[in-house]
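Report on the structure
For reference, the chains in residue letters:
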Amino acid sequence: MQGEPVLEVRHLNSYYQENASIFGRKGPRRQILHDVSFSIGRGEIVGLVGESGCGKTTLSRTILGIVKDYDGEIIHHSQRPQMVFQDPFSSLNPARTIGWILEEPLRASGIRDKAARKAAVADMLRRIGLDESYAGRRPSELSGGQRQRISIASAVITHPKLILADEPVSALDVTIQAQILRLLVELQRDYDLSYLFISHDLNVVYQLCSRVMVMKEGVIVEENTVEALFDHPQHPYTRQLLAASL
């Protein structure tokens, strides 16, 4: 771990309540995460891998405070983290311009000066490789890669210390994936960010992350540096994932 922690998770158990029946009775309460503990240091990029349904997204939603039914400790050492989602089209308001979308986090953080917000938006657009004219466009007018750049910008514009990125490049083709990964690295360097990078693609994780956690059925079964985990996997499930990625 690099530097002081920006996030500590201790003995986290997270639960999901099945939908109520038509008669008003609640369904069974199902445990999704089991005794999950880890920390993320300042400036660190930590990967979280595992098959679909293993609990990766539940972990990120619990850290964000969206999932309320949990026990254990989630300790934020800075402001709450921001989220980058897999599908930017569904996470960006289609009725609003890009400028409005990027200003909204600034408004929510208490920046009342309109000129200051617009200057911050223009600067952020430049940093993600788009010119200021994009502020007047709507999400439907952008390509998938451009929309993901806007989603990342929306998460970064208030200068959080931690970004949770849930499969942020899985919907993009390989060329655009590489561009977005480079952008994430540049922003991490420029803003001293930390990432929890959630993915099922081990090749992407190898390119980006310094440390990797492997999750199976809501349990972190292995954690190591990316080099050690790829070269000398210890858990049978990790070996299975690596073999499937070849």
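Now for a look at the structure at hand. (Residues numbered from 1 in each chain as written. Predicted model: local features only at pLDDT ≥ 70, side-chain atom pairs only at ≥ 80, totals over all residues. Heavy atoms only, no water.)

**Topic: the nonpolar core**
- With 47 residues, the main nonpolar core has Leu 125, Ile 150 and Phe 197 as its most contacted residues.
- Per element, the largest residue contribution to this core is 6 residues, and it comes from helix α6 (residues 174-191).
- Residues contacting Phe 197, with those up to four places away along its chain left out, are Val 46, Gly 47, Leu 48, Ala 165, Pro 168, Val 169, Leu 181, Leu 184, Val 204, Val 205, Leu 208 and Cys 209. (Core = buried A, V, L, I, M, F, W, Y, C linked by side-chain atoms within 4.5 Å. Buried < 20%, exposed > 50% of the residue type's maximum accessible area, 1.4 Å probe, protein only. Helix = DSSP H or I, 4+ residues; strand = E, 2+ residues; numbered from the N terminus. Contact = heavy atoms within 4.5 Å.)

**Concerning the sheet that holds strand β2 (residues 29-41)**
- A sheet is described by the order of its strands in space; here 3 strands give the open sequence β2-β1-β4, paired in antiparallel fashion. Each edge of the sheet is formed by a strand with only one pairing partner; in this case those strands are β2 and β4 (70-76). Strand after strand, the sheet turns through a mean of 15 degrees between neighbouring axes, direction not considered.
- Together, β1 (5-17), β2 and β4 form the strand contacts of helix α1 (residues 56-64), whose direction differs from that of β2 by roughly 70 degrees. (Pairing = 2+ DSSP bridges. Axes fitted to C-alpha atoms, helices over the stretch in contact; angles between N-to-C directions.)

**Side note on the sheet that holds strand β3 (residues 45-49)**
- Across the sheet, which stays open at both edges, the 6 strands sit in the order β5-β6-β7-β3-β8-β9 with mixed pairing between neighbours. Every other strand in the sheet has two partners, leaving β5 (82-84) and β9 (219-225) as the edge strands with one partner each. Neighbour to neighbour, the strand axes of the sheet diverge by 20 degrees on average, direction disregarded.
- Note: β3 against strand β8 (residues 211-216), 4 bridges, orientation parallel. Paired with Val 49 across the bridge in β8 is Val 214.
- Against the sheet, helix α5 (residues 144-156) engages β5 and β6 (162-166), with an angle of about 175 degrees to β5.
- Its contacts with the sheet put helix α9 (residues 236-245) on β3, β8 and β9, and the angle it makes with β8 is roughly 105 degrees.

**Some points on the pairing of β1**
- Across 9 bridges, β1 lies against β2 in antiparallel orientation. Bridged to Val 9 within β2 is Phe 38.
- The pairing of β1 with β4 spans 6 bridges and is antiparallel. Paired with Leu 7 across the bridge in β4 is His 76.

**Notes on the packing of helix α3 (residues 98-108) against α5**
- Two elements in contact, α3 and α5, have axes separated by 8 Å at closest approach and are oriented at 25 degrees. Looking at the two axes, α3 sits roughly parallel to α5. Where α3 crosses over α5, the handedness of that crossing is right-handed. Packed against α3, whose contacting residues are Ile 98, Ile 101, Leu 102 and Pro 105, the element α5 presents Ile 150, Ala 153 and Ser 154 at the interface.
- Considered class by class, the residues forming the contact of α3 with α5 number 6 nonpolar, 1 polar and no charged. (Parallel < 35°, antiparallel > 145°, perpendicular 65-115°, else oblique. Left-handed = near helix turned anticlockwise from the far one by under 90°. Nonpolar A, V, L, I, M, F, W, Y, C, P; charged D, E, K, R; others polar.)

**A look at the packing of aromatic side chains**
- Taken as a whole and assessed by the stated rule, the structure comprises 1 aromatic pair.
- Where Tyr 206 meets Phe 230, the ring centres are 4.8 Å apart and the plane angle is 55 degrees; that geometry is what we call tilted. Of the two residues, Tyr 206 sits in helix α7 (residues 202-208) while Phe 230 sits in helix α8 (residues 226-231), which places them 24 residues apart along the sequence. (Phe/Tyr/Trp six-rings, centres within 6.5 Å; stacked < 30°, edge-to-face > 60°.)

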